[in-house]
Amino acid sequence: MISSPRAPLPSLIPETAPFSAEQRVWLNGLFAGLLALEPGVTPLSPEQAAALLPDGLDFGATALPGQDSQEQDDDAPWHDPAMALTERMKLAEGRPLRRRLMAAMGQQDCGQCGYNCQDYSDAIFSQKEERLNLCVPGGKETARMLKALHQELGNLPAPATAKTPTETPTPADATAAPAAAPGRSREHPAEALFLSRTRLNKPGSGKETWHIEFDLTGTGIDYAVGDAFGLFPTNDPALADAVIAALAAPAKFPIGGRTLREVLIDGVSLGAAPDILFQLFSYITGGDRRQKAKALAAGEDPDGDAAMLDVLAAIEKFSGVRPDPEAFIEALDPLQPRLYSIASSPRVEPKKIALTVDTVRYPINGRTRLGVASSYLADRVGPGDRIKAYLQKAQHFGLPADPSLPIIMIGPGTGIAPFRAFLYERMATKAPGRNWLFFGHQRSNYDFFYEDELAGMKAARVLNRLTLAWSRDGEQKIYVQDRMREVGRDLWAWLAEGAHIYVCGDAKHMARDVERALIDVVATFGVRSTNEAVAFVTDLKKSGRYQQDVY
Ligand SMILES: Cc1cc2nc3c(=O)[nH]c(=O)nc-3n(C[C@H](O)[C@H](O)[C@H](O)COP(=O)(O)OP(=O)(O)OC[C@H]3O[C@@H](n4cnc5c(N)ncnc54)[C@H](O)[C@@H]3O)c2cc1C
Ligand SMILES: NC(=O)c1ccc[n+]([C@@H]2O[C@H](COP(=O)([O-])OP(=O)(O)OC[C@H]3O[C@@H](n4cnc5c(N)ncnc54)[C@H](OP(=O)(O)O)[C@@H]3O)[C@@H](O)[C@H]2O)c1
């Protein structure tokens, strides 16, 4: 029997989708059958096609769904914590949604959300993770961008692996990290014993920075220098009470078996008011206020005060709104852990961990705002208290494997923390490599952290060189990068000998300026064009000789 000729199937899989000809034919057949489509239908986008793929379908060397072939090397030019969100999104323009989600993250790979940046974006893309507000470093900006991108995702068919709404996804099942032991991940914190806090600035300083120690006995936590310590803070009870008073709600209002006050203290963030809170207000208020609440929910700034609106200020701005306490709590972000670079070496005291913590306090409209975790450590815990904590392993931040290599450490302010750890480690292991520290802060008489210890390390020839930059001692600001330029010849000589270079501290300004100074040093003393110097520093990064721990 001769079969009758059939009209060719419509091509649902675009030519640009990352599949071989054979795979495209197979998928076209599958989707045409699944969707019962007629010839002439609109082809699927690569992302729609990818989202429809059956779970576990193995296409060998073909790019993952949502990736284009260019990206198989995971090229992510935006993966720089010092880069602004707008710049990152520009670099990701035209890329598939999965990559744009990644560009929206804070790029610190800090793990505070329970993932690294790539895994968090992948989990959102594959709809295993519904929470879009977990990125602490990215804050509201990232949450807002993720929400916008998520709407695109909503237009795609749900993949076969998507969870049903009743299942609560957790980062642990998204990453399948072997981190179930207590103290090994934010999902399984241990209880560390708070030992002490000692002020590192002298009276009269404009800063408040603490050296803090914990005892790890019985927690199961062990660590290496370069790792960070994650802590679960609680909110200031006085702030929780002020919120309750502003809402005129009963403190004991029951919420999920707990009271409103308890949940406000340890369950939700009372920092920047989320967009969804304004959305809630817009439903229960009218007139001008409703328009303002809607504008704020859309990320606009009708009164020029949006950046100052923490949860309490937001309620006060819409004074008289009385949301249902349960709906109010649902509109808030979860209270997230915070990370701190470890400032001690386990070679010295394996069961102790030290941190260097700057207390965030600043006044707005007559009220002192408190950084939740730093004020928790500075004010609300004391010796003998146990706090929920876990170890965050460093991803790309640690001493060179070869102990004879020289290291250059640039750590102004609290950026000194991991370098104190490095120095103790190099001392304990009798590492023969030379050590050079650049430290800087506001004023030499008040803010010279660990001055005595550093002097001791110099005398013991562990710290071979210490270069200091005080920004508020004289008329002119002197920053670490100014000192780097001054001693550029020596810096270049150390690099030429194979030194590893490390930067820790402020991501927004310092880390970028330091990198620029390094490029200048390489260009001037390495006798290279600017482009060659940029390529040299990029190579340092790629080979792991230029590492950053910035926040
Ligand atoms: C890997 C890593 C390592 C880190 N290591 C350290 C460390 O060693 N030491 C350290 O101190 N920190 C470190 N941090 C930062 C730390 O995790 C916290 O982000 C920091 O302590 C602030 O947290 P908080 O909860 O106290 O403040 P939050 O409640 O998170 O408030 C901070 C927010 O307040 C706002 N804010 C702050 N100051 C002002 C101001 N003057 N005016 C207006 N708004 C302001 C900003 O929006 C800021 O984002 C590290 C972060 C990471 C990711
Ligand atoms: N909200 C903000 O605007 C802001 C600003 C700085 C830091 N932070 C955050 O505050 C936390 C703790 O800070 P910290 O205690 O470690 O100290 P820090 O505030 O970062 O200051 C440490 C030293 O770095 C100097 N500095 C400022 N800008 C610099 C730049 N572009 N390049 C090099 N050095 C620079 C400071 O000088 P001067 O202060 O005299 O300029 C100071 O001498 C960090 O999380 C940091 O990100 C926030």
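One can find the structure itself at the top, above this paragraph.
Colleague: Looking at this model, I keep getting lost on the sheet that holds strand β1 (residues 190-199). Mind explaining?
Modeller: Spatial strand order, β6-β3-β10-β1-β2-β7: 6 strands in an open sheet with antiparallel pairing. Two strands close off the open sheet at either side, each with one partner strand: β6 (338-341) and β7 (352-358). Each strand of the sheet is rotated relative to its neighbour by a mean of 40 degrees, with strand direction disregarded. Looking at chain direction, strand β3 (residues 228-231) and β6 are connected through 4 bridges and run antiparallel. Along β6, the bridge assignment pairs G230 with L339. Against the sheet, helix α14 (residues 372-380) contacts β1, β2 (209-215), β3, β6, β7 and β10 (386-392), and its axis sits at roughly 65 degrees relative to β6.

Colleague: In this structure, what is going on with empty space enclosed by the protein? I would like to understand it.
Modeller: Counted by the stated rule, this structure contains 1 cavity of 30 Å³ or more. The space that makes up the largest cavity amounts to roughly 80 Å³. In this structure, the largest cavity is lined by 17 residues; those nearest its centre are C110, C113, C117, C135 and P137. The residue inventory of the lining of the largest cavity, partitioned by class, reads 10 nonpolar, 6 polar and 1 charged.

Colleague: Looking at this model, I keep getting lost on the packing of aromatic side chains. Mind explaining?
Modeller: Here a ring pair, both rings aromatic, is described through the centre-centre distance and the interplanar angle of the planes. Applying the stated rule across the entire model yields 20 aromatic pairs. On the numbers, 5.4 Å between centres and 55 degrees between planes, the contact of F214 with F229 is tilted. Of this pair, F214 sits in strand β2 while F229 sits in strand β3, and the two are 15 residues apart along the sequence. Per residue, the accessibility class of F214 equals that of F229, and both read buried. Put simply, the rings of F397, F419, F422 and Y502 touch in pairs and so form one group of aromatic residues. In this arrangement the basic side chain of R197 is found over the ring face of W210, its NZ or CZ atom lying 5.9 Å from the centre. Across the ring face of W436, the terminal group of R465 is positioned such that the distance to the ring centre comes to 4.2 Å.

Colleague: Can you walk me through the site of ligand 1 in this structure?
Modeller: Neighbouring ligand 1 are 20 residues; L339, Y340, T356, A373 and S374 lie closest to it. Here an oxygen atom of ligand 1 sits 2.7 Å away from a polar atom, N or O, in the side chain of Y340. Side-chain polar atom of S374 to an oxygen atom of ligand 1: 2.5 Å apart, as the coordinates give it. Considered on its own, ligand 1 offers 980 Å² of accessible surface; in the complex 66% of this is hidden by protein. Looking at the shell around ligand 1, the elements that each hand over two or more residues are β6, β7 and α14. For the shell around ligand 1, the element with the most residues is β6, which contributes 4 residues. Among the residues forming the shell around ligand 1, the class breakdown is 10 nonpolar, 7 polar and 3 charged.

Conventions we followed
- Residues numbered from 1 in each chain as written.
- Chains lettered and ligands numbered in written order.
- Predicted model: local features only at pLDDT ≥ 70, side-chain atom pairs only at ≥ 80, totals over all residues.
- Heavy atoms only, no water.
- Pairing = 2+ DSSP bridges.
- Helix = DSSP H or I, 4+ residues; strand = E, 2+ residues; numbered from the N terminus.
- Axes fitted to C-alpha atoms, helices over the stretch in contact; angles between N-to-C directions.
- Contact = heavy atoms within 4.5 Å.
- 1 Å grid on protein atoms, 1.4 Å probe; cavity = no way out; pocket = protein on both sides within 12 Å on 5 of 7 lines; lining within 4 Å.
- Points joined across faces, edges and corners; volume = space filled by probe spheres on them.
- Nonpolar A, V, L, I, M, F, W, Y, C, P; charged D, E, K, R; others polar.
- Phe/Tyr/Trp six-rings, centres within 6.5 Å; stacked < 30°, edge-to-face > 60°.
- Buried < 20%, exposed > 50% of the residue type's maximum accessible area, 1.4 Å probe, protein only.
- Lys NZ or Arg CZ within 6 Å of the ring centre and 35° of its normal.
- Near = heavy atom within 4 Å.
- Polar contact = N/O pair within 3.5 Å; in protein donor to acceptor, adjacent residues only side chain to side chain.
- Areas by Shrake-Rupley, 256 points an atom, 1.4 Å probe, with all protein chains shown as cover.

Keep in mind these values describe shape, not function.
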